Amino acid sequence: MTRTASISAIVPARNEEAVLAACIVTLAQQPEIGEILAINDQSSDGTAEVLQGLAERIPQLRILETHGVPAGWVGKNYAVWLGAAQARLPWLLFTDADAEHLEGSAARALQLSEENQAALVSFSPEQITDSWWEKALIPFVYSRLAERFSYDEVNNPDSAAAAANGQYLLIHRDAYDAVGGHAAVASKILEDVALARHAKAAGYRLWFGPGIGAVRVRMYRTFGAMWEGWKKNLYVLMGSSPAAMRSELLSSVPCISLLLLLAAVVWPLLGFLGLALLLGRHATYAAALSRNQVPLSRIIYYVPAFVLYAAVLIASWRSHARGRVEWKGREYPVEAPATGGRGH
C-alpha cells in the first residue's frame, strides 16, 4: 500500500476468466488504489485459477468467495456487498471484471470528486466494439441513454436527476454507509442507478461523465450475452412502464419513414419522401454519435441498429412483464409492470 493510496477497488467475478487479468493488473498500476478485493461469485470456469495466479504477483489483491446468493439479492449486488464489508480504505471503487483502467484514471476520479465536492464519481466507459452487432447496437443504446440521463442534470445538485455506471463507480465510504450501501439496493437489477439515486436523495453530490481516456470496456463478446444483458436492463433504463416502452419505440424507430417506404409499393412517389425522412434520421443519429464521442463510421449501422434496438427493447418489456429476468445462469424476480397505460 502506497502512502497516497485511499481507494479500495471491488471487483465481482462470475465466469470472467477471459477478461479478469487485464482488469486486476490495470487496477494494481494505479498508485491511489491500495487494495483490490476480487469476489469469485461461484464461477464454473477458470476464474478461481486466474485469481490465484494474480494473487501470487499482486500483493494488494485479496480474494473473497461467495457461497450462494441470499434470498432477495441479485448476485452481483451481494458479491460487491461482501467486498465492501472487507474494504479498509475511505474510497470504494466498484468496477466490472471486463473494465480496463487506463493510466491516471483513479487520480482523475479523485480530482473530480474534490473539484465538484462529489461523494460519488462515475465514468461511462469508452465502449470497445469489434463485431458488427456490437457496432450497431451498443452506440445506439448509449445515444438513447444520453438523452435520458443528461450528465449536466445528474451533476446539478439542484436537480433530482441521478445516474451512475456500475462499470466505474467511486463512492466515499461515509456516503456509502449512510445510504445503506448495496444492502439498500439488494434486489435491484440496475443497482448503480439506484445507489446514485439514494446518494443524491440523501444530499450527496454526484459527478457522472464520459470515461474516454480513463476506462474502457468490451461489454459483450457474444451476441447471446449482448442480447441477454440488454434484455435484462433496457426496460428499467427506459422508464419501467408500458407507456414508457411505447413512447421509446415510437421515438427511436423511424416509423413514418418505414411506412412511407412500404406505401411506395402502391404509390412510388411516397418512397422518395420516406427515403428523405430516413436520411434525416441518419443525420440526427450522426449528430448523436458525435456528441457521445463515438466514431462517425458507426452511422453505416443505423438501420440494423434501430431494428436490433426495437427487438431487444420489446424482449426486455416481455421479460419484465413475466416478472423474471435471467443473467449469467441465474434467474431473478422483478416487479411485473402494471397493465395500464400510465407510467410511474
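Note that the structure is predicted; figures quoted are calculated from it, not measured.

I keep staring at the pattern of salt bridges and nothing clicks. Help me out?
Should the charged atoms of two oppositely charged side chains come close, the side chains can pair. Following the criterion strictly, the structure yields 10 salt bridges and no others. A salt bridge links Glu35 to Arg62; its shortest N-O distance comes to 2.8 Å. Of this pair, Glu35 sits in strand S2 (residues 33–40) while Arg62 sits in strand S3 (residues 61–65), and the two are 27 residues apart along the sequence. Assessed through its relative accessible area of 2%, Glu35 is described here as buried. Here Glu191 ties to Lys76 by a salt bridge, and the two come within 3.3 Å at their closest N and O atoms. Residue Glu191 is found in helix H8 (residues 191–201), and its partner Lys76 is found in helix H3 (residues 75–86); the two are separated by 115 residues along the sequence.

What is the right way to read the pairing of strand S9 (residues 206–210) from this model?
If a strand is regular, its side chains alternate between the two faces of the sheet. Counting buried positions along S9 gives 4 out of 5 residues, so the element sits mostly inside the fold. Pairing analysis gives 5 bridges linking strand S6 (residues 120–124) to S9, with the strands arranged parallel. When the bridges of S9 are listed, Ser122 appears paired with Phe208.

Sorry if this is basic, but what is going on with the pairing of S3 here?
Where S2 lies against S3, 5 bridges are found, and the strand directions are parallel. Residue pairing for S3: Asn40 is matched across the bridge by Glu65. You can see the chain leave S2, run along helix H2 (residues 47–55) and come back into S3, and the turn it takes is right-handed.

What am I meant to see in the sheet that holds strand S10 (residues 215–217) here?
In a beta sheet, neighbouring strands are held together by backbone hydrogen bonds and run either parallel or antiparallel to one another. Spatial ordering of the open sheet is given by S5-S10-S7, a layout of 3 strands whose pairing is mixed. Across the chains shown, the open sheet's two edge strands, defined by having one partner strand only, are strand S5 (99–101) and strand S7 (126–127). Looking at chain direction, S7 and S10 are connected through 2 bridges and run parallel. For Gln127, the partnering residue across the bridge sits in S10 and is Val217.

Would you explain a nonpolar patch on the surface in this entry?
On the surface, a nonpolar cluster with roughly 320 Å² of combined accessible area is contributed by Leu258, Leu261, Leu275 and Leu279. Mapped onto the nonpolar patch, the elements with two or more residues apiece are helix H11 (255–263) and helix H12 (269–291). Topologically, Leu261 is positioned in helix H11. Judged by its relative accessible area of 33%, Leu261 falls in the partly exposed class.

Honestly, the nonpolar core in this entry has me stumped. Any pointers?
Note on soluble globular proteins: their nonpolar side chains tend to be buried together. With 92 residues, the main nonpolar core has Ile10, Ile24, Phe94, Leu170, Trp230 and Leu234 as its most contacted residues. Once residues lying within four places of it in the same chain are set aside, the contact partners of Phe94 are Ile10, Val80, Ala84, Gly166, Gln167, Tyr168, Leu169, Ile171, Tyr176 and His182.

Looking at this structure, I do not really get the confidence of the model for the protein. What am I missing?
Chain-level pLDDT for the protein is 87 on average; 95% of the residues reach the 70-or-more range. Ranking the helices and strands of the protein by mean pLDDT puts strand S4 (residues 91–95) first, with 97, and strand S12 (residues 330–333) last, with 72. Counting interchain partners and residues more than four positions distant, the pLDDT-below-50 stretch residues 338–344 has 12 contacts.

Please clarify how the packing of aromatic side chains should be interpreted in this entry.
The description of an aromatic ring pair uses the distance of the two centres, along with the angle that the planes make with each other. Here the structure, examined in full by the defined rule, presents 15 aromatic pairs. Ring geometry for Phe123 versus Trp207: centroids 5.9 Å apart, planes at 80°, classification edge-to-face. With a gap of 84 residues between them, Phe123 in strand S6 and Trp207 in strand S9 connect regions that are remote in the sequence. With relative accessibility at 0%, the residue Phe123 sits in the buried group. Classification of Trp207 as buried rests on a relative accessible area of 14%.

I'm lost on unusual backbone geometry in this one. Help?
What is expected of a backbone is that most residues other than glycine have negative phi and most peptide bonds are trans. Of note, Asn15 is a non-glycine position whose phi angle comes to about 55°, a positive value. Counting through the fold element by element, Asn15 comes out in the loop between strand S1 (7–13) and helix H1 (20–28).

Looking at this structure, how should I read H1?
Residues spaced three or four apart along an α-helix point in a common direction, a consequence of the helix completing one turn every 3.6 residues. Looking only at H1, the buried set comprises Leu20, Cys23, Ile24, Thr26 and Leu27. Elements in contact with the buried residues of H1: S1, S2, H2, S3, S4 and S5.

What is the right way to read the packing of H11 against H12 from this model?
Each pair of packed helices gets described by two things: the angle between the helix axes and the distance between those axes. For the pair H11 and H12, interaxial distance at closest approach is 7 Å and the crossing angle is 155°. Taken together, H11 and H12 sit at an angle that is classed as roughly antiparallel. Relative to H12, H11 is oriented so that their crossing is left-handed. In contact with Ile256, Ser257, Leu260, Leu261 and Ala263 of H11, H12 contributes Leu270, Gly271, Leu273, Gly274, Leu275, Leu277 and Leu278.

How each quantity is defined
Residues numbered from 1 in each chain as written. Predicted model: local features only at pLDDT ≥ 70, side-chain atom pairs only at ≥ 80, totals over all residues. Heavy atoms only, no water. Salt bridge = Lys/Arg side-chain N within 4 Å of Asp/Glu carboxyl O. Helix = DSSP H or I, 4+ residues; strand = E, 2+ residues; numbered from the N terminus. Buried < 20%, exposed > 50% of the residue type's maximum accessible area, 1.4 Å probe, protein only. Pairing = 2+ DSSP bridges. Right-handed = clockwise from strand over helix to strand, strands pointing away. Patch = residues over 30% accessible without salt bridge, like charges linked within 9 Å, V, L, I, M, F, W, Y side chains within 5 Å. Areas by Shrake-Rupley, 256 points an atom, 1.4 Å probe, with all protein chains shown as cover. Core = buried A, V, L, I, M, F, W, Y, C linked by side-chain atoms within 4.5 Å. Contact = heavy atoms within 4.5 Å. pLDDT = per-residue confidence, 0-100. Phe/Tyr/Trp six-rings, centres within 6.5 Å; stacked < 30°, edge-to-face > 60°. Axes fitted to C-alpha atoms, helices over the stretch in contact; angles between N-to-C directions. Parallel < 35°, antiparallel > 145°, perpendicular 65-115°, else oblique. Left-handed = near helix turned anticlockwise from the far one by under 90°.

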